[in-house]
Amino acid sequence: MSLGPRVIAGRHARRAMTKRELTVDEIMAILPETPRRISALTDGLTLAQLQTAPEPDAWSINDVLAHLRACHEVLGGSLLRIIIEDHPAFKGVNPRSWIRKTDYPEWEFARAFKAFKKQRAELLVVVQPLAPGAWERTATVTGMVGDTYERTARYYGDWMAGHERAHWRHIEQIAAAVAARPRST
């Protein structure tokens, strides 16, 4: 995984300045769709193909899945905390920092995907029945340099859903590239 924090921070800053916030309906269309997309895009790929990057210093599908799992824990965890607790206060965590505390990149794809689907099912049990107003519940989040922000459940749902939707295309491109290569025997 080769993108450095400055590149990522710059991308997120540009995205935040130009992006329209997703509606709750859009968030709730994307979140259940992600596991289905990943399944469809990876169907028929071998273990080797799932773990192969299409070019040097690029991510494999397995790397993307590890990243999505870490993002789910951080972003989905923050969303759940805001829904379950009454105006919580917590320190924000960067998903890229969080993944370094895990062994997710080493997990075999099938096991990792099963864990991701379980994470998603547990999140959806809580958020699918929410009334629209519940998405506006807030938390006070302290950033990395001590700044504080009021963040809504919708903020984290929007971040997670928009981020995952971008990775649908990423996984599709990786799958096409590795599937086009001759299989080694």
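A brief structural summary. The numbering scheme is per chain: residues are counted from 1 as the chain's sequence reads. Note on the predicted model: pLDDT of at least 70 is required for a residue's local features to be given, and 80 or more for side-chain atom pairs to be given and counted; whole-chain, interface and lining totals, by contrast, use all residues. The basis for every side-chain value is the complete set of non-hydrogen atoms in the structure, without hydrogens or water.

1. A look at the sheet that holds strand β3 (residues 148-152)
Strands pair, by our definition, only if DSSP identifies at least two bridges between them. For helices the rule is a DSSP run of H or I covering at least 4 residues; for strands it is a run of E covering at least 2, with both sets numbered from the N terminus onward. Strand order in the open sheet formed by 3 strands is β1-β2-β3, and the pairing between neighbours is mixed. Bordering the open sheet on either side are β1 (89-91) and β3, each of which pairs with just one other strand. Pairs of neighbouring strands in the sheet enclose a mean axial angle of 35°, with direction left out of account. Taken together, the 3 bridges between β1 and strand β2 (residues 138-142) define a ladder with parallel strand orientation. Counted as the bridge partner of lysine 91 is threonine 142 from β2. Throughout, a contact is declared for two residues whenever any of their heavy atoms are within 4.5 Å. Axis definition: a line fit to C-alpha positions, over the contact stretch in the case of helices; interaxial angles, taken between N-to-C directions, run 0 to 180 degrees. Where helix α4 (residues 61-84) meets the sheet, its contacts fall on β1, β2 and β3, and the angle it forms with β1 comes to roughly 165°. On the sheet, helix α7 (residues 153-180) packs against β1, β2 and β3 and is oriented at approximately 80° with respect to β3.

2. Side note on the side chain of glutamate 164
Within the fold, glutamate 164 resides in helix α7. Side-chain atoms alone can form a polar contact between residues adjacent in sequence; in general such a contact is a pair of N or O atoms within 3.5 Å, and within protein one must be able to donate a hydrogen while the other accepts it. In terms of polar contacts, glutamate 164 uses its side chain to reach the side chain of threonine 34, at 2.7 Å. Dropping the residues within four chain positions of it, glutamate 164 is found in contact with Leu31, Thr34, Leu68, His72, Phe116 and Arg120.

3. With respect to the environment of threonine 46
The topology assignment puts threonine 46 in the loop between α2 (24-42) and α3 (47-50). Taking relative accessible area as the criterion, threonine 46 reaches 27% and is therefore assigned partly exposed. Expressed as a C-alpha distance, the spacing of threonine 46 and valine 178, which sit 132 residues apart in the sequence, is 9.8 Å. Only protein chains enter the area calculation, which uses a 1.4 Å probe; residues under 20% of their type maximum are buried, those over 50% are exposed, and those in between are partly exposed.

4. Notes on the pairing of β2
Pairing analysis gives 5 bridges linking β2 to β3, with the strands arranged antiparallel. Paired with threonine 140 across the bridge in β3 is glutamate 150. Between the antiparallel neighbours β2 and β3 lie 5 residues, among them glycine 146 with a positive phi of about 95°.

5. Considerations on the environment of isoleucine 27
If you trace the backbone, isoleucine 27 turns up in helix α2. Measuring from C-alpha to C-alpha, the distance between isoleucine 27 and glycine 162 comes to 7.9 Å, with 135 residues separating the pair along the chain. What isoleucine 27 contacts, discounting residues up to four positions off in sequence, is Leu22, Pro32, Trp135, Arg154, Gly157, Asp158 and Ala161.

6. Some details on the packing of α2 against α7
Helix packing for two helices is described by the angle between their axes and how far apart those axes are. It is at 9 Å that the axes of α2 and α7 come closest, and there the two elements cross at 25°. Between α2 and α7, the angle falls in the class roughly parallel. Crossing hand, α2 versus α7: left-handed. In contact with Val24, Ile27, Ile30, Leu31, Glu33, Thr34, Arg37, Ile38, Leu41 and Thr42 of α2, α7 contributes Arg154, Gly157, Asp158, Met160, Ala161, Glu164, Arg165, Trp168, Ile171, Glu172 and Ala175. Only Asp, Glu, Lys and Arg are considered charged in this grouping, and only Ala, Val, Leu, Ile, Met, Phe, Trp, Tyr, Cys and Pro are considered nonpolar; every other residue, Gly among them, is considered polar. Residue composition of the contact of α2 with α7, by class: 11 nonpolar, 3 polar and 7 charged. Orientation labels follow simple angle bins: below 35 degrees gives roughly parallel, above 145 gives roughly antiparallel, 65 to 115 gives roughly perpendicular, and whatever is left gives oblique. By definition, any crossing whose near helix is turned counterclockwise from its far helix by less than a right angle is left-handed, and any crossing with a clockwise turn is right-handed.

7. As for the packing of aromatic side chains
Both the distance between ring centres and the angle between the ring planes are used here to describe each pair of aromatic rings. Stacked, edge-to-face and tilted labels apply to pairs of Phe, Tyr and Trp rings (six-membered ring for Trp) whose centres lie within 6.5 Å, assigned for plane angles under 30 degrees, over 60, and everything in between, in that order. In the structure shown here, the tally under the stated rule is 5 aromatic pairs. Judged by centre distance (5.8 Å) and plane angle (85°), the rings of tyrosine 104 and tryptophan 107 are edge-to-face. Neither tyrosine 104 nor tryptophan 107 differs from the other in exposure class; each is buried. Taking the centre distance of 5.6 Å and the plane angle of 20° together, the rings of phenylalanine 109 and phenylalanine 113 count as stacked.

8. Considering α2
Over its 19 residues, α2 extends 28 Å from the first C-alpha to the last, a length consistent with the 27 Å expected when each residue adds 1.5 Å. Among all positions in α2, only Val24, Ile27, Met28, Ile30, Leu31, Pro32, Glu33, Thr34, Pro35, Ile38 and Thr42 are buried. Looking at the buried side of α2, the elements it contacts are α3, α4, α6 (109-127) and α7. After α2 finishes, the residue glycine 44 shows a positive phi value of roughly 90°. Multiply 1.5 Å by the residue count of a helix minus one, and that product is the helix's expected span.

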